[in-house]
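Below, each chain spelled out in residue letters.
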Amino acid sequence: MSEDFLIGTYTKKDSQGMYAVTLDTENNQLVNDHLILNLQKPAYLQVASHNLIFAVRQEGELGGVASYQINNGKTTLIDKSLSVGAPPAYVGLDTNRHLLFSANYHTAEVNIYRIDDAGHLTLTDSIRHEGTTGPKPEQVDGPHPHFADLTPDGHLAVCDLGMDLLVIYNIDEDGKLTSAGQYKFEPGFGTRHLVFHPNGKYVYVLGELSSKLAVLKYNANNASFEQLQIVKTIPADWTAHNGAAAIHITKDGRFIYTSNRGENTIAVFEIQDDYTVNHVQSISTEGDFPRDFELSKDESFLIASNQNSDNLTLFKRNAETGKLEMLQKDVYSPEPVCVKKW
């Protein structure tokens, strides 16, 4: 058996664009990492289907999003929406309503696009974040939206790293956004990414700048939140630089995984009966700067991407304990940033 994964990359050194890699589940190894699209800085991706994907796109001084079709190993551009400025940090997808979202760290904009049947994109709304920012050096220059994706009840959740803020937006039938609620974290939290529990009532929010994981109870009636817990993703005595990056939750709602860029680990948390978390493991990613990772379809494997050391690492996952065991390291992949099941 095998599974395919897409790898989004930076293209500052040796990377030429978007890559694919295959997980051989019989031999427990990653094989055939190869280029599928020559492209500048496709740093984040979303997969709509095996032949339709969306990605961040940069062309010189222009940045934005684009859609691609993959057929018989050939990748072709369907459409792109670009403007002057840096490309977004994240793209999110609503397959039911055929919408694409982007969060732009540099321009402070959150954009929403309509996707037609052929994969073409039409901008329906754009909101620029403004307001008070946090005290960390990465925050003082302004708001920094870093995540924009769906809540279980169909709203748009946006993490703003610069403002230490989680914002919930309503999405109307015309693809327009209106603010529904928000939650302000402690100064310097650095709100980066989040995942909702499968029951839709709890959300786990990762703070990049604080290296903290927050557990919130979500009230869908008024888009409000109650904080239940905040824990560190790194040891209490860690003093070197660290930035928490990616977060995933298992389909059974039992385990949370986060990546640490600096400590260079995947931290494993078990979700308790009251939906708070307990740290059960931190394991080296066998590389430098693990920006992202992904679970396999049956969640038996985890693939971590080490951006600075140009390698992927494969782990076996124990479904009962949640713990990881390293199977393979030093799988060459140039500047890997984003990992997505394909």
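Here, the structure is the one placed above.
In this text, all values refer to a predicted model and were calculated from it rather than measured experimentally.

**Student:** Report on the nonpolar core, specifying residues and quantitative values.
**Tutor:** Counting residues in each nonpolar core, the largest one holds 58 residues, and the members touching the most others are Leu100, Leu156, Leu166, Leu194 and Val205. Here the element with the most residues in this core is strand S14 (residues 165-171); it accounts for six residues. Apart from the residues within four sequence positions on either side, Leu100 is in contact with Phe54, Val65, Val91, Gly92, Leu93, Asn111, Ile112, Tyr113, Ile115 and Leu121. Within the second largest apolar cluster, 15 residues are counted, among which are Tyr204, Ala244, Ala267 and Ile271.

**Student:** I'd like a rundown of the sheet that holds strand S26 (residues 311-317), residues and numbers included.
**Tutor:** Read across the open sheet, the four strands follow the order S24-S25-S26-S27; overall the sheet is antiparallel. Since the sheet does not close on itself, it has two edges, and those belong to strand S24 (290-295) and strand S27 (324-332), each with one partner. Ignoring strand direction, the axes of neighbouring strands in this sheet form an average angle of 20°. Pairing of S24 with strand S25 (residues 301-306) involves five bridges; the strand directions are antiparallel. Bridged to Leu295 within S25 is Leu302.

**Student:** Which residues make up the environment of Asp273, and what values do they have?
**Tutor:** Looking at the secondary structure, you find Asp273 in the loop between strand S22 (265-271) and strand S23 (277-284). On a C-alpha basis, the gap between Asp273 and Arg254 in space is 9.3 Å, while along the polypeptide they are 19 residues apart.

**Student:** Give a description of the sheet that holds strand S11 (residues 121-128) that names residues and reports values.
**Tutor:** Spatially, four strands are ordered S8-S9-S10-S11 in an open sheet, and the strand pairing comes out antiparallel. Each edge of the open sheet carries a strand with a single partner, namely strand S8 (90-94) and S11. Mean inter-strand twist for the sheet, computed between neighbouring axes without regard to direction, equals 20°. By the bridge criterion, five bridges tie S8 to strand S9 (residues 99-103) in an arrangement that is antiparallel. The partner of Leu93 across the bridge, within S9, is Leu100.

**Student:** Describe the side chain of Thr191, listing the residues and the values that go with them.
**Tutor:** Position of Thr191 relative to the elements: it lies in strand S16 (residues 191-196). Of the polar contacts made by the side chain of Thr191, one reaches the backbone nitrogen of Leu165; its length is 3.2 Å.

Reading the values: the criteria
- Residues numbered from 1 in each chain as written.
- Predicted model: local features only at pLDDT ≥ 70, side-chain atom pairs only at ≥ 80, totals over all residues.
- Heavy atoms only, no water.
- Core = buried A, V, L, I, M, F, W, Y, C linked by side-chain atoms within 4.5 Å.
- Buried < 20%, exposed > 50% of the residue type's maximum accessible area, 1.4 Å probe, protein only.
- Helix = DSSP H or I, 4+ residues; strand = E, 2+ residues; numbered from the N terminus.
- Contact = heavy atoms within 4.5 Å.
- Pairing = 2+ DSSP bridges.
- Axes fitted to C-alpha atoms, helices over the stretch in contact; angles between N-to-C directions.
- Polar contact = N/O pair within 3.5 Å; in protein donor to acceptor, adjacent residues only side chain to side chain.

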